[in-house]
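Analysis of the macromolecular model
One-letter residues, chain by chain:
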Amino acid sequence: MSILTFFSGSYCGKKSIISDVIDQSGFKLLSDNDLVASASRLSGMPENKIARSFLEKTSVFNKFTHEKERAIAYLRLAMAECMSLDDCVIEGFTSLLIPASISHVLRICLIADKAFRIEQAMKSHNLSEKDAVSLISKNDESYSAWSNTLYKITDPWDASLYDMILPTDKMAKDEAVSLILENLKNEVIQPTKASRKAADDFALAARVEVALSKEGHAVGVTARDGLVTLTINTNVLLLGRLEEELKKIVQQVQGVSSVETRIGKGFYQADIYRRFDFQVPSKVLLVDDEREFVQTLSERLQMRDVGSAIAYDGESALNLMEADEPDVMILDLKMPGIDGIEVLKKVKASRPQIEVIILTGHGSEADREICMKLGAFAYLQKPVDIEELSRNLKAANEKIRHKEQN
C-alpha cells in the first residue's frame, strides 16, 4: 500500500478531513510530534530544538552551530525509517521532507481562501479580525520559510510540491475525503521496485547527512545507487582540504560506493563555510554597552570558532534570550537601564541552564561574591586575556555538554 501526506494551511478544516480519511482507510497517523520525538531519540537533541527548525526565524547563531541543519538531518533520518512502513498518514511540516522521487506517496495540500481562514480563526479562538489576520500571517511565514528551506520555494502551496491541492472552503468535507480515498487506489502511487529504490536512496542520503553533522559539517546531500553527491553552498578558503575531509567521513557510511563533490549556487556568496566545533560554545551572547570593545571581542572569538551575537543593554539581552536562547552569556555589570546583576538574576530564574560569565571593569569583591552566589559560572575582570576567556568558555561548554548527555 501507499503513504499519504497532508500539508495544510492553518484553519482550513484539516483535522476532520484527516480523521475521516484515517477512519475509512485504516491508515496509521504519524504527526510532526511523532517525527520530532523520533529525531530526538536518534540525535540526543532536545525535542524543542528540533521543532524550532519549523519556525520562520532562523537562529542568529545558526551559521556557527548548524543546529537547524542538524535537526533537519535527523528529521530526514527519522522519516527514512518511516518509509519502510505502509498504510500510514504523515501530517504536518515533516510531510514535505519526502522527496518527489519516492512515487508511492500521495501528497495532499489542504488550503482555503484567506477570508475563510480568518473567519475560522475568529470563531475558534474568539479573536478580533486583526488578531486573526496576525495569527494566520505568522503561521504562513513559518510554512513559507520551511518550503524555502527544503526546496527554495517561497510559496508553500506551490503545485509542484503536491499531487492534489484541495480548496476546503469550496468543497464539502465528504467530497474531499472521497476524492482522496479514490486517488489512494490509483496504480500510479502503488509501491514499485523503482519507488522502493528511491526510498533506499533517501535513507542513504539521510545517514550520510547525519554522519557529516556529527562532525560539524552542513552540506547538501543526495544519493543514487550508492553514489553520494555532496553540494558545497558556502564559500570555502581551502576547498580541496574540505572535500577530502568530507569524502573521508562519507566513505565510512554503510552503503556508500563512491562520493563526488560539486559547487552549489551559494558558493560564491560573501559568507565563509564554517565547521561546527563541538569543543567550544557556538551560541555566546555578549552583553556590554561599550560598543567598540564588544564588537572587537566578538571578532576575536569568531577567529577561535566561537559564534557570538551582541546585545548593548540588559533589556535587549533578555529579549534575545527569550527569542533565541544562547548557551553562554558574557555579561558586563555596569550598564544603563537593567544592570548586569539584575540580568543575571533574571537569566538564572528563567533559564538556569545558560552559563553566565561576568566580564567587568568596575566590579568589586562584593559584586563577585553576589554574582557567584547567584549562579555565575565565572567572574573575570577587564581587560581580559583572550586565552583565559577561551578557557572559561570551553569549561562552560564542557559543563553544558555533560548536562545534556546526562
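Quick caveat: nothing in here was measured; it's all calculated off a predicted structure.

Bringing the sheet that holds strand β13 (residues 378–381) into the picture now. Within the open sheet, the five strands sit side by side as β10-β9-β11-β12-β13. Their pairing is parallel. The outermost strands of the open sheet, each flanked by one partner alone, are β10 (308–311) and β13. Averaged over all neighbouring strand pairs, the angle between strand axes comes to 20°, with direction disregarded. With four bridges joining them, strand β12 (residues 355–360) and β13 adopt parallel strand pairing. Paired with Ile-358 across the two strands is Tyr-379, which belongs to β13. Relative to the sheet, helix α14 (residues 365–374) contacts β12 and β13, its axis offset from that of β13 by approximately 150°.

Here the focus is unusual backbone geometry. Here Lys-382 and Pro-383 are connected by a cis peptide whose omega angle stands at -10°. Mapping Pro-383 onto the fold places it in the loop between β13 and α15 (386–405). Residue Lys-152 is not a glycine yet carries a positive backbone phi of 55°. A relative accessible area of 67% means that Lys-152 is categorised as exposed.

Next up on the list: helix α11 (residues 291–302). Each α-helix winds once per 3.6 residues, and so residues spaced three or four apart point in a common direction. Taking 1.5 Å of rise per residue, twelve residues should cover 16 Å, and α11 covers 17 Å from first to last C-alpha, within 8% of that figure. Along α11, the positions that sit buried rather than exposed are Val-294, Leu-297, Ser-298 and Leu-301. The arc that holds the buried residues of α11, viewed along the axis, is 100°, so those residues lie on one side. Exposed positions of α11 whose direction lies more than 90 degrees from the buried face are Glu-292 and Glu-299.

What counts, and where the lines are drawn
- Residues numbered from 1 in each chain as written.
- Predicted model: local features only at pLDDT ≥ 70, side-chain atom pairs only at ≥ 80, totals over all residues.
- Heavy atoms only, no water.
- Pairing = 2+ DSSP bridges.
- Helix = DSSP H or I, 4+ residues; strand = E, 2+ residues; numbered from the N terminus.
- Axes fitted to C-alpha atoms, helices over the stretch in contact; angles between N-to-C directions.
- Contact = heavy atoms within 4.5 Å.
- Buried < 20%, exposed > 50% of the residue type's maximum accessible area, 1.4 Å probe, protein only.
- Expected span 1.5 Å × (residues − 1).
- Arc of directions from axis to C-beta.

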